[in-house]
Amino acid sequence: MFYHLFKSIVLVPLLRCLFRPRVEGLENLPASGAAIIAGNHLSFCDSFLMPATVKRRITFLCKQEYFTGRGVKGRLTAAFFRACGQIPVDRSGRSAGQAAVEEGVRVLRGGDLLGIYPEGTRSHDGRMYKGKTGVAEMALRTGAPVVPCAMIGTFEAQPAGRRLPRVVPITIRFGEPLDFSRYAGLADQRLVLRAVTDEIMYALLKLSEQEYVDTYAAEAKARAGYPGGTGAGPGIVTRPGAPAVRAG
């Protein structure tokens, strides 16, 4: 109840007035039944702008920190996400990641829309990073189609660390649903999960026209000195239609 009231009375009018987002491909979202909306993740406002354009409710897997903040702001943020039915995700280890997958499967088996960012965290530099395979596992276990969704302009509006967003042109672009039924029964095959995830990320890359870095976002953040990273070796940076170059 709170979700629909807040969305229709406050969120949608406010966001449409401020940003006037251009929406493309909305017809690619199913009118009913389970589906995964897999998006690139450039800004905190992604999780508000995308749902504002979709009539159906979207349940997001959100980082646990949104539910454990201190002070008045932290409590209000946690109350808001709980009231909207969003699911906290502990990103601290492999077992925690599997718990998030189980929650996502539960949402999809209930016939709902699930929103997820396969990169696992916001991009710190506006580029697209390697996807994690949880999205593939959920798709194969439930048979749900995956609808890629590219947020364009939200990094310029509110990059990580910026409190208030700038008012800039924003486009929300939904791609054609991806059907992975040909891999039914193979959700436990690591190479299959990697192939499915890469196909999803490639669809997102074509929609967003970002640069691509073949390493995980958290590892890239660690190398760049951002808190919470895990460290990694060098990645590969590419542009659609351009040759790969080594990231130094």
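Up top you'll find the structure we're talking about.
Model, not experiment: these values are computed from the prediction.

Draft legend 1. Summary view of unusual backbone geometry. Although it is not a glycine, Glu209 adopts a positive phi angle of roughly 60°. Here Glu209 is to be found in the loop between helix 7 (190–208) and strand 9 (212–213).

Draft legend 2. Just helix 7, in detail. Counted at 1.5 Å a residue, the expected span for helix 7 with its 19 residues is 27 Å, and the 27 Å between its end C-alpha atoms agrees. Those residues of helix 7 that sit buried are Val192, Leu193, Arg194, Val196, Thr197, Ile200, Met201, Ala203, Leu204, Leu205, Leu207 and Ser208. At its buried positions, helix 7 is contacted by strand 2 (35–39), strand 6 (128–129), helix 5 (134–142), strand 7 (146–152), strand 8 (171–174) and strand 9. Among the residues trailing helix 7, Glu209 stands out with phi positive, at a value near 60°.

Draft legend 3. Main features of the nonpolar core. Counting residues in each nonpolar core, the largest one holds 27 residues, and the members touching the most others are Ile36, Met138, Val146 and Ile200. Of all elements in the fold, only strand 2, strand 4 (87–89), helix 4 (94–109), strand 5 (113–116), helix 5 and helix 7 reach the threshold of two or more residues within this core. Leu29, Cys45, Phe67 and Val147 belong to the second-largest nonpolar core, a separate cluster that totals 21 residues.

Draft legend 4. Examining the side chain of Arg56 more closely. Relative to the helices and strands, Arg56 is located in the loop between helix 2 (46–52) and strand 3 (58–63). Looking at Arg56, its side chain comes within polar contact range of the main-chain oxygen of Pro30, at 3.1 Å. In this structure the side chain of Arg56 is engaged in a polar contact, spanning 2.9 Å, whose partner is the backbone oxygen of Gly33.

Draft legend 5. Spotlight on the packing of helix 5 against helix 7. As a packed pair, helix 5 and helix 7 sit with axes 8 Å apart at the nearest point and diverge in direction by 105°. Classified by the angle their axes make, helix 5 and helix 7 are roughly perpendicular. Between helix 5 and helix 7, the contacting residues are Val135, Ala136, Glu137 and Leu140 on the first element and Val192, Leu193, Val196, Thr197 and Ile200 on the second. Partitioned by chemical class, the residues of the contact of helix 5 with helix 7 number seven nonpolar, one polar and one charged.

Draft legend 6. Up close: the environment of Ile152. If you trace the backbone, Ile152 turns up in strand 7. Once the C-alpha coordinates of Ile152 and Glu209 are considered, the two residues, 57 residues apart in sequence, prove to be 8.9 Å apart. Ignoring anything within four residues of it in the chain, the contact list for Ile152 reads Pro169, Ile170, Thr171, Arg173, Leu207 and Ser208.

Draft legend 7. Local environment of the pattern of salt bridges. All told, the structure shown has eight salt bridges when counted by the stated rule. The closest approach of N and O atoms between Glu137 and Arg141, which form a salt bridge, is 3.2 Å. Residue Glu137 and its partner Arg141 are both found in helix 5; the two are separated by four residues, about one turn of the helix. Residue classification places Glu137 among the buried positions, given a relative accessible area of 14%. Classification of Arg141 as partly exposed rests on a relative accessible area of 27%.

Draft legend 8. Geometry of the pairing of strand 8. Relative to strand 8, strand 1 (residues 22–24) runs parallel, the two sharing three bridges. Bridging across to strand 8, Val23 finds its partner in Ile172. As paired elements, strand 7 and strand 8 share four bridges and run antiparallel to each other. Bridge pairing in strand 8 places Ile152 opposite Thr171.

Draft legend 9. Structural detail: the pairing of strand 3. By the criterion of burial, strand 3 is predominantly enclosed, with five of the six residues buried. With three bridges connecting them, strand 3 and strand 5 associate as parallel partners. Looking at the pairing, Thr59 lines up with Leu114 of strand 5. Across three bridges, strand 3 lies against strand 4 in parallel orientation. Among the inter-strand pairings, Leu61 is bridged to a residue of strand 4, identified as Ile87.

Draft legend 10. Quick peek at the sheet that holds strand 5. Spatially, seven strands are ordered 1-8-7-2-5-3-4 in an open sheet, and the strand pairing comes out mixed. Only two strands of the sheet have a single neighbouring strand rather than two, namely strand 1 and strand 4. If you compare each strand with its neighbour and ignore which way they point, the axes differ by 25° on average. Against the sheet, helix 5 makes contact with strand 2, strand 3, strand 5 and strand 7, and its axis sits at roughly 165° relative to strand 2, the strand it touches most.

Conventions adopted
- Residues numbered from 1 in each chain as written.
- Predicted model: local features only at pLDDT ≥ 70, side-chain atom pairs only at ≥ 80, totals over all residues.
- Heavy atoms only, no water.
- Helix = DSSP H or I, 4+ residues; strand = E, 2+ residues; numbered from the N terminus.
- Expected span 1.5 Å × (residues − 1).
- Buried < 20%, exposed > 50% of the residue type's maximum accessible area, 1.4 Å probe, protein only.
- Contact = heavy atoms within 4.5 Å.
- Core = buried A, V, L, I, M, F, W, Y, C linked by side-chain atoms within 4.5 Å.
- Polar contact = N/O pair within 3.5 Å; in protein donor to acceptor, adjacent residues only side chain to side chain.
- Axes fitted to C-alpha atoms, helices over the stretch in contact; angles between N-to-C directions.
- Parallel < 35°, antiparallel > 145°, perpendicular 65-115°, else oblique.
- Nonpolar A, V, L, I, M, F, W, Y, C, P; charged D, E, K, R; others polar.
- Salt bridge = Lys/Arg side-chain N within 4 Å of Asp/Glu carboxyl O.
- Pairing = 2+ DSSP bridges.

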